[in-house]
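Next come the chains, spelled out residue by residue.
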Amino acid sequence: MQALLNEILDAVRPLIGQGKVADYIPALGTVPANQLGIAVYGNDGEMYCAGDAETPFSVQSISKVFSLVQAIDHSGEAIWERLGHEPSGQPFNSLVQLEFERGRPRNPFINAGALVICDINQSRFAAPTLSMRDFVRRLSGNPQIMIDGKVADSEYQHRARNAAMAYLMQSFGNFHNDVEAVLRSYFSHCALRMNCIDLARAFCFLANDGYCKHSGEQVLTRRQTQQVNSIMATSGLYDEAGNFAYRVGLPGKSGVGGGIVAVVPGQFTVCVWSPELNAAGNSLAGMAALEMLSARIGWSVF
Ligand SMILES: NC(=O)CC[C@H](N)C(=O)O
């Protein structure tokens, strides 16, 4: 495995230069593009990593999985009255579908859906940002994980599009808390700084029937775990979810910080990171690395 990871990173490194680091959030635009890391964490507790696997980055939309899991844990099936679990076929920050569908987002992994999930959690937690930070610290086994205040502030300064979505949903009666407060929570989740090792560990319960070994927590039931993985498989990479299923064949979740996490149910979690994105907002070299890994090991769930 170790040799394979080194080989894959060498093979995909030449792709760096062909994508574009996200700069619509100015604090992300300054991240050096020339970085590439990968971590594979087995259910047996073995960790393999290569490249910049220990360099923290902004998890961005990968946090949408943690928010969804918190919402399922604390609000249960009722959350699906507020949003769906259908792929959107639209960019992650699209507004058009939201108006047509009367303020009910297609799924929890596009921005509108994640904002509704944060609104649901805002009603449940006295301190949503701290609850989230502590949740990921437990899941990853790393008590040093922090929220990058500069990134969160930068996102809040440039919140027009996310704010538009939230206010549109409020106009349809699908938003219950103060919009600005929920936006703050959402941005602080996105601004969590974690590295590939942290994320591979934090997602391991999704490869292990909902049980997180190192924290001793049954995070989700077996059935809920299958459901979250199914939404990752159909919607985790926005309008590129089909391409990801075709090329990688695993439940996955990406973020505009350049991270992608993928789950091999019953076996492994993988996190790959490289900041340059393709046109859909997914890590360009990261996709290629996961495709090679899944092809070489025959990991597709399909
Ligand atoms: N796809 C992403 O990672 C988007 C998250 C980002 N914080 C946003 O709201 O635009």
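Residues numbered from 1 in each chain as written. Predicted model: local features only at pLDDT ≥ 70, side-chain atom pairs only at ≥ 80, totals over all residues. Heavy atoms only, no water.

The next point concerns the packing of aromatic side chains. Tallying each qualifying case throughout the model produces 7 aromatic pairs. Ring centres 4.9 Å apart and planes at 5° place the aromatic pair Phe-57 and Trp-273 in the stacked group. Of the two residues, Phe-57 sits in strand β4 (residues 57-58) while Trp-273 sits in strand β11 (residues 268-273), which places them 216 residues apart along the sequence. Trp-273 shares its class with Phe-57; the two are buried. Counting every residue linked through ring pairs, the aromatic cluster contains Tyr-24, Phe-92 and Tyr-238. When the ring centre of Tyr-156 is taken as reference, the NZ or CZ atom of Arg-159 above it lies at 4.0 Å. (Phe/Tyr/Trp six-rings, centres within 6.5 Å; stacked < 30°, edge-to-face > 60°. Helix = DSSP H or I, 4+ residues; strand = E, 2+ residues; numbered from the N terminus. Buried < 20%, exposed > 50% of the residue type's maximum accessible area, 1.4 Å probe, protein only. Lys NZ or Arg CZ within 6 Å of the ring centre and 35° of its normal.)

A word on the environment of Arg-13. Positionally, Arg-13 belongs in the loop between α1 (2-12) and β1 (20-21). Using a relative accessible area of 34% as the deciding quantity, one classes Arg-13 as partly exposed. When the C-alpha atoms of Arg-13 and Gly-281 are compared, they prove to be 18 Å apart, with 268 residues separating the residues in sequence. In terms of polar contacts, Arg-13 uses its side chain to reach the side chain of Asp-10, at 3.1 Å. (Polar contact = N/O pair within 3.5 Å; in protein donor to acceptor, adjacent residues only side chain to side chain.)

The next thing to look at is the site of the ligand. Taken together, 13 residues surround the ligand, and among them Tyr-24, Gln-60, Ser-61, Glu-155 and Tyr-238 come closest. The side chain of Tyr-24 places a nitrogen or oxygen atom 2.5 Å from an oxygen atom of the ligand. Here Asn-162 contributes a side-chain N or O atom positioned 2.9 Å from an oxygen atom of the ligand. Contact with the protein chains hides 99% of the accessible area of the ligand, taken as 300 Å² for the molecule alone. (Near = heavy atom within 4 Å. Areas by Shrake-Rupley, 256 points an atom, 1.4 Å probe, with all protein chains shown as cover.)

Taken together, 5 strands build an open sheet; the order of strands is β3-β2-β11-β10-β9 and the sheet is antiparallel. Among the strands making up the open sheet, the edge pair consists of β3 (47-51) and β9 (252-254). Recorded for the sheet is a direction-independent mean angle of 10° between the axes of neighbouring strands. Pairing between strand β2 (residues 37-42) and β11: 6 bridges, direction antiparallel. Counterpart to Gly-37 in the pairing with β11 is Trp-273. (Pairing = 2+ DSSP bridges. Axes fitted to C-alpha atoms, helices over the stretch in contact; angles between N-to-C directions.)

In this section: the side chain of Ser-67. Tracing the backbone through its elements, the reader meets Ser-67 in helix α2 (residues 63-75). Judged by relative accessible area, Ser-67 falls into the buried class, the value being 3%. Ignoring any residue separated from it by four or fewer positions in sequence, one finds Ser-67 in contact with Ile-117, Cys-118, Asn-121, Met-132 and His-189. (Contact = heavy atoms within 4.5 Å.)

Applying the stated criterion across every chain, the model contains 12 salt bridges. Measuring nitrogen to oxygen at the nearest pair gives 2.7 Å for the salt bridge that ties Glu-7 to Arg-296. With Glu-7 in helix α1 and Arg-296 in helix α12 (residues 284-297), the pair connects residues that are 289 residues apart, well separated along the chain. Glu-7 sits in the partly exposed class, given a relative accessible area of 38%. A salt bridge links Asp-10 to Arg-13; its shortest N-O distance comes to 3.1 Å. (Salt bridge = Lys/Arg side-chain N within 4 Å of Asp/Glu carboxyl O.)

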